[in-house]
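Here's the letter readout for the chains.
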Amino acid sequence: MSLRAPPSSTSSSWSLFPLCPRLPLSVAFSTRIVRCSLLQDQVSVNAGAASKVSDRNELRLGLPSKGRMADDTLDLLKDCQLSVRKVNPRQYVADIPQLSNLEVWFQRPKDIVRKLLSGDLDLGIVGLDIVSEYGQGSEDLIIVHDSLDFGDCHLSIAIPKYGIFENINSMEELARMPQWTADKPLRVATGFTYLGSKFMREKGLKHVVFSTADGALEAAPAMGIADAILDLVSSGTTLRENNLKEIEGGIVLESQAVLVASKKSLVHRKGLLDTTHEIIERLEAHLRAVGQFTVVANMRGNSADEVAQRVLSQPSLAGLQGPTVSPVFCKRDGEVVVDYYAIVICVPKKALYKSVQQLRAIGGSGVLVSPLTYIFDEETPRWQELLGKLGL
(Lines give C-alpha, C1' and ligand atoms only; values in the text may rest on other atoms or scores of the structure.)
Protein backbone atom coordinates (compact mmCIF):
# COMPACT_ATOMS: atom_id res chain seq x y z
CA MET A 1 0.00 0.00 0.00
CA SER A 2 1.61 3.28 -1.10
CA LEU A 3 1.79 6.47 0.91
CA ARG A 4 1.46 10.03 -0.21
CA ALA A 5 4.53 12.17 -0.02
CA PRO A 6 4.04 14.75 2.73
CA PRO A 7 3.99 18.45 2.10
CA SER A 8 7.01 20.30 3.41
CA SER A 9 5.11 21.63 6.41
CA THR A 10 3.96 18.20 7.58
CA SER A 11 5.41 16.80 10.82
CA SER A 12 7.68 13.75 10.90
CA SER A 13 4.79 11.48 11.95
CA TRP A 14 3.19 11.64 8.50
CA SER A 15 4.18 8.11 7.50
CA LEU A 16 1.97 6.55 10.15
CA PHE A 17 -1.05 8.68 9.24
CA PRO A 18 -1.50 9.12 5.45
CA LEU A 19 -4.21 11.46 4.30
CA CYS A 20 -7.50 10.02 3.13
CA PRO A 21 -8.74 11.41 -0.21
CA ARG A 22 -12.37 10.99 0.88
CA LEU A 23 -12.21 13.33 3.88
CA PRO A 24 -12.50 17.11 3.34
CA LEU A 25 -9.82 18.99 5.23
CA SER A 26 -12.29 21.63 6.39
CA VAL A 27 -14.58 19.33 8.39
CA ALA A 28 -15.34 20.19 12.00
CA PHE A 29 -13.65 17.00 13.15
CA SER A 30 -9.88 16.94 13.36
CA THR A 31 -8.95 13.67 11.67
CA ARG A 32 -5.96 11.51 11.01
CA ILE A 33 -6.17 8.43 8.81
CA VAL A 34 -4.60 5.16 9.87
CA ARG A 35 -4.30 2.26 7.46
CA CYS A 36 -4.58 -1.23 8.98
CA SER A 37 -1.27 -2.39 7.56
CA LEU A 38 0.66 0.48 9.18
CA LEU A 39 -0.37 -0.16 12.78
CA GLN A 40 1.97 -3.08 13.35
CA ASP A 41 4.96 -0.73 13.16
CA GLN A 42 3.80 1.01 16.34
CA VAL A 43 4.19 -2.10 18.52
CA SER A 44 7.97 -2.16 18.17
CA VAL A 45 8.13 1.54 19.07
CA ASN A 46 6.34 0.95 22.37
CA ALA A 47 8.38 -2.16 23.11
CA GLY A 48 11.63 -0.25 22.68
CA ALA A 49 10.49 2.47 25.09
CA ALA A 50 10.25 -0.08 27.90
CA SER A 51 13.81 -1.35 27.62
CA LYS A 52 15.03 -0.22 31.04
CA VAL A 53 13.94 0.70 34.56
CA SER A 54 14.95 4.14 35.82
CA ASP A 55 17.15 4.59 38.90
CA ARG A 56 14.61 6.49 41.01
CA ASN A 57 13.91 5.21 44.53
CA GLU A 58 10.25 6.15 44.94
CA LEU A 59 7.41 3.97 43.66
CA ARG A 60 4.85 5.54 41.34
CA LEU A 61 1.14 4.84 40.87
CA GLY A 62 -0.67 6.49 37.98
CA LEU A 63 -4.35 7.43 38.41
CA PRO A 64 -6.80 9.08 35.97
CA SER A 65 -6.69 12.85 36.35
CA LYS A 66 -10.33 13.75 35.66
CA GLY A 67 -13.79 12.45 34.87
CA ARG A 68 -15.97 9.64 36.18
CA MET A 69 -13.09 7.15 36.09
CA ALA A 70 -11.00 9.44 38.31
CA ASP A 71 -13.78 9.88 40.87
CA ASP A 72 -14.57 6.16 41.00
CA THR A 73 -10.89 5.29 41.40
CA LEU A 74 -10.46 7.61 44.37
CA ASP A 75 -13.67 6.27 45.93
CA LEU A 76 -12.46 2.69 45.61
CA LEU A 77 -9.09 3.46 47.17
CA LYS A 78 -10.81 5.30 50.02
CA ASP A 79 -13.06 2.29 50.66
CA CYS A 80 -9.89 0.18 50.89
CA GLN A 81 -8.43 2.56 53.52
CA LEU A 82 -6.00 3.87 50.92
CA SER A 83 -7.17 7.48 50.70
CA VAL A 84 -5.16 9.67 48.35
CA ARG A 85 -3.83 12.81 50.03
CA LYS A 86 -3.58 15.74 47.66
CA VAL A 87 -2.39 18.93 49.35
CA ASN A 88 -3.13 21.18 46.39
CA PRO A 89 -5.97 20.29 43.98
CA ARG A 90 -3.97 21.83 41.12
CA GLN A 91 -1.01 19.52 41.70
CA TYR A 92 -0.57 16.35 39.69
CA VAL A 93 1.31 14.48 42.39
CA ALA A 94 -0.03 13.16 45.70
CA ASP A 95 0.56 10.33 48.15
CA ILE A 96 -1.19 7.58 50.11
CA PRO A 97 -0.14 7.82 53.77
CA GLN A 98 -0.69 4.09 54.36
CA LEU A 99 1.79 3.18 51.60
CA SER A 100 5.23 4.58 52.31
CA ASN A 101 7.51 5.63 49.46
CA LEU A 102 4.62 5.60 46.97
CA GLU A 103 3.88 8.64 44.83
CA VAL A 104 0.53 9.08 43.11
CA TRP A 105 0.65 10.78 39.72
CA PHE A 106 -2.55 12.01 38.05
CA GLN A 107 -2.38 11.51 34.29
CA ARG A 108 -4.57 10.97 31.27
CA PRO A 109 -5.41 7.25 31.04
CA LYS A 110 -3.50 6.74 27.79
CA ASP A 111 -0.47 8.49 29.26
CA ILE A 112 -0.57 6.14 32.25
CA VAL A 113 -0.09 3.20 29.88
CA ARG A 114 2.62 4.97 27.91
CA LYS A 115 4.52 5.85 31.08
CA LEU A 116 4.25 2.31 32.38
CA LEU A 117 5.92 1.21 29.15
CA SER A 118 8.59 3.90 29.39
CA GLY A 119 9.36 3.12 33.04
CA ASP A 120 8.14 6.44 34.40
CA LEU A 121 5.30 4.73 36.30
CA ASP A 122 5.21 1.36 38.05
CA LEU A 123 1.49 0.80 38.65
CA GLY A 124 -1.68 2.27 37.19
CA ILE A 125 -5.46 2.07 37.32
CA VAL A 126 -7.12 2.52 33.92
CA GLY A 127 -9.73 0.85 31.74
CA LEU A 128 -8.84 -2.43 30.05
CA ASP A 129 -9.71 -0.76 26.74
CA ILE A 130 -6.92 1.79 27.25
CA VAL A 131 -4.41 -0.88 28.28
CA SER A 132 -5.28 -2.94 25.20
CA GLU A 133 -5.16 0.00 22.77
CA TYR A 134 -2.01 1.75 23.95
CA GLY A 135 -0.20 -1.27 25.40
CA GLN A 136 -0.63 -3.08 22.08
CA GLY A 137 0.18 -6.50 23.49
CA SER A 138 3.40 -5.47 25.23
CA GLU A 139 4.76 -8.28 27.40
CA ASP A 140 5.93 -5.70 29.94
CA LEU A 141 2.36 -4.89 30.98
CA ILE A 142 0.79 -7.23 33.55
CA ILE A 143 -2.85 -7.05 34.60
CA VAL A 144 -2.61 -7.36 38.38
CA HIS A 145 -6.35 -7.09 39.07
CA ASP A 146 -8.77 -7.49 36.17
CA SER A 147 -12.07 -6.67 37.88
CA LEU A 148 -12.25 -3.50 39.97
CA ASP A 149 -16.04 -3.33 39.51
CA PHE A 150 -16.37 0.11 37.94
CA GLY A 151 -15.97 1.67 34.52
CA ASP A 152 -17.96 -1.14 32.87
CA CYS A 153 -18.43 -0.70 29.12
CA HIS A 154 -17.66 -2.41 25.85
CA LEU A 155 -15.90 -1.36 22.68
CA SER A 156 -18.25 -1.90 19.77
CA ILE A 157 -18.84 -1.23 16.08
CA ALA A 158 -21.94 0.89 15.39
CA ILE A 159 -23.50 1.69 12.02
CA PRO A 160 -26.44 3.88 10.90
CA LYS A 161 -29.96 2.45 11.09
CA TYR A 162 -30.76 3.98 7.71
CA GLY A 163 -29.56 3.98 4.11
CA ILE A 164 -27.40 1.13 2.86
CA PHE A 165 -27.06 -0.18 6.43
CA GLU A 166 -30.79 -0.49 7.14
CA ASN A 167 -30.81 -4.29 6.70
CA ILE A 168 -27.27 -4.91 7.95
CA ASN A 169 -27.36 -6.53 11.39
CA SER A 170 -24.10 -8.45 11.76
CA MET A 171 -20.38 -8.14 11.09
CA GLU A 172 -20.70 -10.97 8.59
CA GLU A 173 -23.27 -9.01 6.60
CA LEU A 174 -21.15 -5.85 6.86
CA ALA A 175 -18.11 -7.68 5.49
CA ARG A 176 -20.10 -9.04 2.53
CA MET A 177 -21.31 -5.62 1.37
CA PRO A 178 -20.04 -5.03 -2.18
CA GLN A 179 -19.54 -1.30 -1.57
CA TRP A 180 -16.14 -1.74 0.13
CA THR A 181 -13.25 -1.74 -2.33
CA ALA A 182 -9.65 -0.59 -2.37
CA ASP A 183 -10.77 2.70 -3.93
CA LYS A 184 -13.77 3.09 -1.62
CA PRO A 185 -13.00 1.43 1.74
CA LEU A 186 -15.27 1.27 4.77
CA ARG A 187 -14.56 4.43 6.77
CA VAL A 188 -14.53 3.98 10.54
CA ALA A 189 -14.21 6.88 12.99
CA THR A 190 -12.59 5.80 16.24
CA GLY A 191 -10.02 6.49 18.92
CA PHE A 192 -9.05 2.80 18.91
CA THR A 193 -7.13 2.32 15.70
CA TYR A 194 -4.91 -0.52 16.95
CA LEU A 195 -7.76 -2.64 18.31
CA GLY A 196 -9.97 -1.65 15.37
CA SER A 197 -7.55 -2.77 12.67
CA LYS A 198 -6.84 -6.03 14.45
CA PHE A 199 -10.56 -6.72 14.84
CA MET A 200 -11.38 -5.93 11.22
CA ARG A 201 -8.66 -8.28 9.97
CA GLU A 202 -10.06 -11.05 12.15
CA LYS A 203 -13.54 -10.40 10.72
CA GLY A 204 -12.30 -10.57 7.14
CA LEU A 205 -12.76 -6.90 6.24
CA LYS A 206 -9.83 -6.04 3.97
CA HIS A 207 -10.82 -2.61 2.72
CA VAL A 208 -11.05 -0.43 5.83
CA VAL A 209 -9.69 2.99 6.68
CA PHE A 210 -9.74 4.52 10.18
CA SER A 211 -10.01 8.18 11.10
CA THR A 212 -9.45 9.52 14.59
CA ALA A 213 -11.83 12.35 15.40
CA ASP A 214 -11.80 15.04 18.08
CA GLY A 215 -15.42 15.30 19.07
CA ALA A 216 -18.51 13.18 19.39
CA LEU A 217 -17.95 10.16 17.16
CA GLU A 218 -21.69 9.54 16.92
CA ALA A 219 -21.98 12.55 14.62
CA ALA A 220 -19.44 11.29 12.08
CA PRO A 221 -21.80 9.11 9.95
CA ALA A 222 -24.47 11.81 9.81
CA MET A 223 -21.86 14.35 8.71
CA GLY A 224 -20.74 12.02 5.93
CA ILE A 225 -17.14 11.72 7.12
CA ALA A 226 -17.44 8.08 8.24
CA ASP A 227 -19.55 5.05 7.44
CA ALA A 228 -19.32 3.53 10.92
CA ILE A 229 -17.84 4.23 14.32
CA LEU A 230 -15.93 2.13 16.82
CA ASP A 231 -16.51 3.51 20.29
CA LEU A 232 -17.11 2.65 23.93
CA VAL A 233 -20.71 1.85 24.80
CA SER A 234 -22.26 1.74 28.26
CA SER A 235 -26.05 1.90 28.01
CA GLY A 236 -26.34 2.48 24.25
CA THR A 237 -28.59 5.50 24.74
CA THR A 238 -26.30 7.91 22.86
CA LEU A 239 -26.12 5.54 19.89
CA ARG A 240 -29.90 5.23 19.70
CA GLU A 241 -30.40 8.99 19.98
CA ASN A 242 -28.10 9.43 16.97
CA ASN A 243 -29.79 6.74 14.85
CA LEU A 244 -26.92 4.29 15.22
CA LYS A 245 -27.07 0.59 16.08
CA GLU A 246 -24.73 -2.10 17.29
CA ILE A 247 -24.58 -5.29 15.25
CA GLU A 248 -24.10 -8.95 16.02
CA GLY A 249 -20.45 -9.90 16.39
CA GLY A 250 -19.43 -6.25 16.57
CA ILE A 251 -18.15 -6.14 20.16
CA VAL A 252 -14.38 -5.82 20.12
CA LEU A 253 -13.71 -5.84 23.87
CA GLU A 254 -15.51 -5.97 27.22
CA SER A 255 -13.86 -3.44 29.52
CA GLN A 256 -13.77 -2.20 33.10
CA ALA A 257 -11.18 -0.64 35.39
CA VAL A 258 -8.07 -2.75 36.03
CA LEU A 259 -4.88 -2.48 38.05
CA VAL A 260 -1.93 -2.81 35.69
CA ALA A 261 1.81 -2.91 36.37
CA SER A 262 5.16 -2.82 34.61
CA LYS A 263 6.68 -6.29 34.73
CA LYS A 264 10.20 -4.86 34.75
CA SER A 265 9.36 -2.63 37.70
CA LEU A 266 7.79 -5.50 39.66
CA VAL A 267 10.90 -7.59 39.20
CA HIS A 268 13.59 -4.95 39.63
CA ARG A 269 12.24 -2.04 41.67
CA LYS A 270 12.86 -2.50 45.39
CA GLY A 271 9.75 -2.58 47.53
CA LEU A 272 7.26 -2.57 44.65
CA LEU A 273 6.28 -6.21 44.96
CA ASP A 274 5.47 -5.82 48.68
CA THR A 275 3.43 -2.67 48.02
CA THR A 276 1.58 -4.38 45.17
CA HIS A 277 0.79 -7.31 47.46
CA GLU A 278 -0.78 -4.99 50.02
CA ILE A 279 -2.82 -3.17 47.37
CA ILE A 280 -4.12 -6.48 45.99
CA GLU A 281 -5.02 -7.71 49.49
CA ARG A 282 -6.94 -4.54 50.30
CA LEU A 283 -8.73 -4.47 46.95
CA GLU A 284 -9.73 -8.13 47.13
CA ALA A 285 -10.90 -7.91 50.73
CA HIS A 286 -13.10 -4.90 50.02
CA LEU A 287 -14.49 -6.06 46.68
CA ARG A 288 -15.37 -9.47 48.07
CA ALA A 289 -17.26 -7.86 50.95
CA VAL A 290 -19.32 -5.54 48.73
CA GLY A 291 -22.97 -6.56 48.94
CA GLN A 292 -22.38 -8.99 51.83
CA PHE A 293 -23.95 -8.78 55.30
CA THR A 294 -23.17 -10.36 58.64
CA VAL A 295 -26.29 -11.86 60.21
CA VAL A 296 -26.28 -12.80 63.90
CA ALA A 297 -29.18 -14.53 65.70
CA ASN A 298 -29.80 -16.41 68.94
CA MET A 299 -31.40 -19.84 68.86
CA ARG A 300 -32.49 -22.29 71.54
CA GLY A 301 -30.96 -25.74 71.30
CA ASN A 302 -29.64 -28.75 73.19
CA SER A 303 -26.21 -28.64 71.56
CA ALA A 304 -24.17 -26.79 68.96
CA ASP A 305 -24.43 -29.77 66.61
CA GLU A 306 -28.20 -29.85 66.84
CA VAL A 307 -28.45 -26.11 66.14
CA ALA A 308 -25.99 -26.38 63.25
CA GLN A 309 -28.09 -29.12 61.66
CA ARG A 310 -31.18 -26.92 61.84
CA VAL A 311 -29.35 -23.98 60.28
CA LEU A 312 -27.84 -26.02 57.45
CA SER A 313 -31.25 -27.46 56.61
CA GLN A 314 -32.11 -24.04 55.15
CA PRO A 315 -30.61 -23.28 51.69
CA SER A 316 -29.91 -19.59 52.35
CA LEU A 317 -28.08 -20.04 55.65
CA ALA A 318 -24.87 -21.80 54.60
CA GLY A 319 -22.74 -18.64 54.69
CA LEU A 320 -19.32 -18.50 53.02
CA GLN A 321 -17.96 -21.71 54.52
CA GLY A 322 -20.77 -22.64 56.91
CA PRO A 323 -22.39 -21.08 59.99
CA THR A 324 -20.52 -20.26 63.17
CA VAL A 325 -22.39 -21.67 66.17
CA SER A 326 -21.30 -20.53 69.64
CA PRO A 327 -22.84 -21.09 73.10
CA VAL A 328 -24.47 -18.11 74.80
CA PHE A 329 -23.71 -18.31 78.53
CA CYS A 330 -26.11 -16.97 81.13
CA LYS A 331 -26.38 -17.27 84.90
CA ARG A 332 -29.45 -18.89 86.43
CA ASP A 333 -29.89 -19.79 90.13
CA GLY A 334 -26.19 -19.15 90.68
CA GLU A 335 -25.09 -21.49 87.91
CA VAL A 336 -23.73 -20.79 84.44
CA VAL A 337 -25.93 -22.50 81.88
CA VAL A 338 -26.37 -22.60 78.10
CA ASP A 339 -29.90 -22.22 76.79
CA TYR A 340 -29.12 -20.36 73.57
CA TYR A 341 -26.57 -20.56 70.78
CA ALA A 342 -25.42 -17.62 68.67
CA ILE A 343 -25.51 -18.12 64.92
CA VAL A 344 -23.22 -16.02 62.70
CA ILE A 345 -23.43 -16.26 58.92
CA CYS A 346 -22.46 -14.16 55.91
CA VAL A 347 -25.33 -13.44 53.51
CA PRO A 348 -25.43 -11.66 50.13
CA LYS A 349 -27.67 -8.62 49.93
CA LYS A 350 -30.10 -10.16 47.46
CA ALA A 351 -30.75 -13.09 49.84
CA LEU A 352 -30.86 -11.05 53.06
CA TYR A 353 -34.58 -10.94 53.77
CA LYS A 354 -35.08 -14.56 52.75
CA SER A 355 -32.28 -15.58 55.14
CA VAL A 356 -33.88 -13.67 58.02
CA GLN A 357 -37.19 -15.41 57.32
CA GLN A 358 -35.52 -18.83 57.34
CA LEU A 359 -33.74 -18.06 60.61
CA ARG A 360 -37.03 -17.12 62.24
CA ALA A 361 -38.68 -20.26 60.90
CA ILE A 362 -36.19 -22.51 62.72
CA GLY A 363 -36.32 -20.60 66.00
CA GLY A 364 -33.94 -17.69 65.50
CA SER A 365 -34.56 -14.50 67.45
CA GLY A 366 -32.86 -11.16 68.10
CA VAL A 367 -31.56 -11.07 64.52
CA LEU A 368 -28.82 -8.48 63.97
CA VAL A 369 -27.67 -7.39 60.50
CA SER A 370 -24.58 -5.33 59.65
CA PRO A 371 -22.76 -4.70 56.36
CA LEU A 372 -19.35 -6.24 55.84
CA THR A 373 -16.36 -4.05 55.07
CA TYR A 374 -13.66 -6.59 54.28
CA ILE A 375 -13.33 -10.33 53.76
CA PHE A 376 -9.69 -11.41 53.89
CA ASP A 377 -8.89 -14.86 52.52
CA GLU A 378 -5.96 -16.94 53.68
CA GLU A 379 -4.24 -15.78 50.50
CA THR A 380 -5.73 -13.99 47.53
CA PRO A 381 -5.65 -16.04 44.30
CA ARG A 382 -4.66 -12.98 42.28
CA TRP A 383 -1.43 -12.66 44.27
CA GLN A 384 -0.52 -16.24 43.44
CA GLU A 385 -1.38 -15.60 39.79
CA LEU A 386 0.89 -12.55 39.75
CA LEU A 387 3.80 -14.50 41.20
CA GLY A 388 3.24 -17.13 38.53
CA LYS A 389 3.35 -14.51 35.76
CA LEU A 390 6.61 -13.21 37.18
CA GLY A 391 8.08 -16.70 37.50
CA LEU A 392 8.47 -16.32 41.26
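This text goes with the structure placed above it.
Cut-offs applied
Residues numbered from 1 in each chain as written. Predicted model: local features only at pLDDT ≥ 70, side-chain atom pairs only at ≥ 80, totals over all residues. Heavy atoms only, no water. Salt bridge = Lys/Arg side-chain N within 4 Å of Asp/Glu carboxyl O. Helix = DSSP H or I, 4+ residues; strand = E, 2+ residues; numbered from the N terminus. Pairing = 2+ DSSP bridges. Axes fitted to C-alpha atoms, helices over the stretch in contact; angles between N-to-C directions. Buried < 20%, exposed > 50% of the residue type's maximum accessible area, 1.4 Å probe, protein only. Contact = heavy atoms within 4.5 Å. Core = buried A, V, L, I, M, F, W, Y, C linked by side-chain atoms within 4.5 Å. Lys, Arg positive; Asp, Glu negative; His and termini not counted. Parallel < 35°, antiparallel > 145°, perpendicular 65-115°, else oblique. Left-handed = near helix turned anticlockwise from the far one by under 90°. Nonpolar A, V, L, I, M, F, W, Y, C, P; charged D, E, K, R; others polar.

A. Representation of the pattern of salt bridges. This structure, assessed with the given rule, holds 17 salt bridges. Between Glu-278 and Arg-282 there is a salt bridge; the shortest N-O distance is 3.0 Å. Placement of both Glu-278 and Arg-282 in helix α10 (residues 272-289) is noted, with a separation of four residues, approximately one turn of the helix. Note that Asp-339 and Arg-332 form a salt bridge whose closest N and O atoms lie 2.4 Å from each other.

B. Looking closely at the sheet that holds strand β12 (residues 257-262). Spatially, six strands are ordered β3-β4-β2-β5-β12-β6 in an open sheet, and the strand pairing comes out mixed. Across the chains shown, the open sheet's two edge strands, defined by having one partner strand only, are β3 (93-95) and β6 (141-145). Ignoring which end each strand starts from, the neighbouring axes of this sheet average 35° apart. Relative to β12, strand β5 (residues 123-127) is paired through five bridges, and the arrangement is antiparallel.

C. Highlighting the pairing of strand β2 (residues 59-64). β2 sits mainly inside the fold: six of its six residues count as buried. Burial along β2 is two-sided: Leu-59, Leu-61 and Leu-63 facing one way and Arg-60, Gly-62 and Pro-64 facing the other are all buried. Strand direction decides the pairing type here: β2 and strand β4 (residues 102-107), joined by six bridges, are parallel. By the bridge assignment, Leu-59 is partnered in β4 with Leu-102.

D. The sheet that holds strand β14 (residues 324-332), seen in detail. If you trace the four strands from one edge of the open sheet to the other, you get β14-β15-β13-β16, paired in antiparallel fashion. Sheet topology places β14 and β16 (364-371) at the edges, where each strand pairs with a single neighbour. The average angle at which neighbouring strand axes cross in this sheet is 25°, direction not considered. Relative to β16, strand β13 (residues 292-300) runs antiparallel, the two sharing six bridges. Counterpart to Val-295 in the pairing with β16 is Val-369. Along the sheet face, helix α12 (residues 352-361) touches β13, β15 (335-348) and β16 and points at about 10° away from the line of β13.

E. Looking closely at the nonpolar core. Judged by nonpolar contacts, the single largest core of 36 residues is most densely connected at Val-113, Ile-157, Met-171, Leu-174, Val-188 and Met-200. If we ignore the near neighbours within four places in the chain, the residues touching Met-171 are Ile-157, Phe-199, Met-200, Lys-203, Leu-205, Ile-247, Glu-248, Gly-249 and Gly-250. Membership of the second largest hydrophobic core comes to 32 residues, among which are Ala-94, Leu-99, Leu-102 and Leu-287.

F. Layout of the environment of Gly-196. Looking at the element boundaries, Gly-196 is found in helix α6 (residues 193-202). For Gly-196, a relative accessible area of 1% corresponds to the buried category. Each C-alpha atom of the pair Gly-196 and Glu-133 lies 9.0 Å from the other, and the pair is 63 residues apart in sequence. Excluding residues that lie within four positions of it along the chain, Gly-196 makes contacts with Phe-210 and Leu-230.

G. Examining the pairing of β15 more closely. Across nine bridges, β13 lies against β15 in antiparallel orientation. Considered in β15, the bridge of Asn-298 is made with Ala-342. A loop of two residues connects β14 with β15, the two strands running antiparallel in sequence, and Asp-333 in this loop sits at a positive phi of about 55°.

H. Region of the structure containing the side chain of Glu-218. Of note, Glu-218 is situated in the loop between β9 (208-213) and α7 (220-223). One buried charged residue, Glu-218, forms no salt bridge at all, with the nearest opposite charge on Arg-240 at 12 Å. Look past the residues within four positions of Glu-218 in its chain and what remains in contact with it is Ile-229, Asp-231, Thr-238, Leu-239, Asn-242 and Leu-244.

I. Structural view of the packing of helix α3 (residues 109-118) against helix α4 (residues 128-135). In contact at an axis separation of 9 Å, α3 and α4 are set at 50° when each is read in the N-to-C sense. With respect to each other, α3 and α4 are oriented oblique. In this structure, α3 meets α4 at a crossing whose hand is right-handed. Contacts from Pro-109, Lys-110, Val-113, Arg-114 and Leu-117 in α3 reach Ile-130, Val-131, Tyr-134 and Gly-135 in α4. Counted by class, the contact of α3 with α4 contains six nonpolar, one polar and two charged residues.

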